[in-house]
Amino acid sequence: MTPAWRHLLRAWHLQTSSPRITKMCPSLSRAFWTSVANLGLHTKPRMPPCDFTPEKYQSLTYERVLEIHNHHLIPTRIAYFRKPLLLHQGHMEWLFDYEGNRYLDFFSGIVTVSVGHCHPKVNAAAQKQLGRLWHTSALFFHSPIHEFAEKLSALLPEPLKVIFLVNSGSEANDLAMLMARAHSNSTDIISLRGAYHGCSPSTLGLTNVGPCKMELPSGLGCQSTMCPDVFRGPWGGSHCRDSPVQTMRKCSCAPDCCQAKDQYIEQFKDTLNTSVAKSIAGFFAEPIQGVNGVVQYPKGFLREAFELVRERGGVCIADEVQTGFGRLGSHFWGFQTHGILPDIVTMAKGIGNGFPMAAVVTTPEIAKSLAKRIFHFNTFGGNPMVCAIGSAVLEVIKEEKLQENSQEVGTYMLQKFAELRDEFEIVGDVRGKGLMIGIEMVKDKVSRQPLPQEEVNEIHEDCKRMGLLIGKGGIFAQTFRIAPSMCITKPDVHFAVEVFRSALIQHMERRAK
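Here is what the cut-offs are and how they apply
Residues numbered from 1 in each chain as written. Predicted model: local features only at pLDDT ≥ 70, side-chain atom pairs only at ≥ 80, totals over all residues. Heavy atoms only, no water. Pairing = 2+ DSSP bridges. Helix = DSSP H or I, 4+ residues; strand = E, 2+ residues; numbered from the N terminus. Axes fitted to C-alpha atoms, helices over the stretch in contact; angles between N-to-C directions. Contact = heavy atoms within 4.5 Å. 1 Å grid on protein atoms, 1.4 Å probe; cavity = no way out; pocket = protein on both sides within 12 Å on 5 of 7 lines; lining within 4 Å. Points joined across faces, edges and corners; volume = space filled by probe spheres on them. Nonpolar A, V, L, I, M, F, W, Y, C, P; charged D, E, K, R; others polar. Domains from an automatic or database assignment. Buried < 20%, exposed > 50% of the residue type's maximum accessible area, 1.4 Å probe, protein only.

Spatial ordering of the open sheet is given by β4-β10-β9-β8-β7-β5-β6, a layout of 7 strands whose pairing is mixed. Of all the strands in the sheet, the pair left with one neighbour each is β4 (162-166) and β6 (222-225). Each strand axis lies, on average, 20 degrees off the axis of its neighbour in the sheet, ignoring direction. For strand β5 (residues 189-192) and strand β7 (residues 282-285), the ladder comprises 3 bridges, and the chain directions are parallel. The residue of β7 that forms the bridge with Ile-190 is Phe-283. In the packing of helix α6 (residues 143-153) onto the sheet, the strands contacted are β4, β9 (344-347) and β10 (358-362), and the crossing angle to β4 comes to about 125 degrees.

This part covers the pairing of strand β1 (residues 87-91). Sheet topology note: the β1/strand β2 (residues 94-97) ladder contains 4 bridges and is antiparallel. Across the sheet, His-91 pairs through a bridge with Trp-94, a residue of β2. From the end of β1 to the start of β2, which pair antiparallel, there are 2 residues, and Met-92 there has a positive phi angle of about 55 degrees.

This part takes up empty space enclosed by the protein. By the definition in use, this model includes 2 cavities of 30 Å³ or more. The calculated volume of the largest cavity comes to roughly 60 Å³. Every residue along the wall of the largest cavity is listed here: Val-111, Ser-114, Val-321, Gln-322, Gly-324, Phe-325, Arg-327, Gly-350 and Met-486. Of the residues that constitute the lining of the largest cavity, the class distribution is 4 nonpolar, 4 polar and 1 charged. A domain split of the lining of the largest cavity shows at least three residues from each of domain 1 (62-70 + 79-118 + 402-512) and domain 2 (120-400). Considered as a void within the structure, the second largest cavity measures approximately 30 Å³ in volume. Along its surface, the second largest cavity is lined by Val-111, Gly-290, Val-294, Gln-322, Met-436, Ile-437, Arg-481, Ile-482 and Ala-483. Taken domain by domain, the lining of the second largest cavity gets at least three of its residues from each of domain 1 (62-70 + 79-118 + 402-512) and domain 2 (120-400).

Once that is clear, we can look at the pairing of β2. What you see with β2 is no split at all: Trp-94 and Phe-96 on one side and Leu-95 and Asp-97 on the other are buried throughout. Count of turn residues in the β2/strand β3 (residues 102-105) antiparallel hairpin: 4 residues, of which Gly-100 carries a positive phi of about 90 degrees.

Shown next as structure tokens:
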């Protein structure tokens, strides 16, 4: 901890009546803040070195890009930052904008670039296949799809061995819904509140994030149930999560017994008893909720929920779009961290390191049920290009031990960010597993009310200004999402933590003024 920060904490502590609720400190005058700044609080943390030099940008001007975007692209405001970044090139964990500025990418294209931007081995595989064969459709055989299918199936337990290749996570979940209904001969599907499973007309019913809901009918036959969020939900404590970092909420549970899990299971039973038919089609769950801000459930919740669903004739679907391919460190698939075996697994994002690719993996029995009901066909799914890239990604994860790196570096990073939770009243929770981390921002730790979005945005902007790109999530956009490529190093973590700490200090200064 820097001397300046010790000074700041000491002054702040002396002027607060409660160790948990900070007040505006009259004694923190402009002169004090000037002296703090002079001590180096606003010194930009030094980036780790990078041996890559980007090409010179020679395309459209920034102004022309904005003009085209405003006239011809999606009108919804999606892009981050007051002045959206115009990116030009990427290399491993680094991104470069049109002016040559370098950024440490700790969101990896929304948890998508698994092994690093433009990884040399993946690039080489793509370029080789590009010169050989792009597309055939499923009407003809080509060896890349069979090579990839063999590699992927080897990573999944029995009986999850039948692979359907599609192009996106929404498509994968759309197909999984169809499979569940075809196999069960039922309609109702349950998903958790806060879940994100896509934005297709069907998956909109599974997705329970406010901005993704619309007034018109969509996703019929879908029912939401309470999200077992041990930080923001009604129950939860200090032994609930499968994570090196636990919530600061206290509970009377023993380490091997979770009362919160039992309470949330009762809510799940209530949904089964009141909101769906006696026989259901299935239950969708992300092993860790991504868009909702890296929300983890109590240990044992999914295992009991799966049992209840199967008692009703439903199938259980694990959405591994964000959690799969070693990102969580301890296991290759998120469902393995819960000690469960799904009937269907959907995957996308990291499967192609940013190339449009996705898959649904299921049992022979469920695959046959679908085949009896419908002729399934996908023009681009499993084309030679994506399969060559997918095989290269799997090889890189294994050869470079990226799952092991996620475990080691991710655990280290979680613990470092948890130290910031202990330092700052507005950091309410730090959670996650491996290289999937959420930092939930609050007004104060007692109320746990979300930090206002404009304040979250200011911290986000400050991180970008210092060269760190992170994501945002949560029902109130109150949680920073950290999910870098799995190739990151501990020096990268040191830089990211220092940038985030500096952004929090600057935010405190703005509040005091």
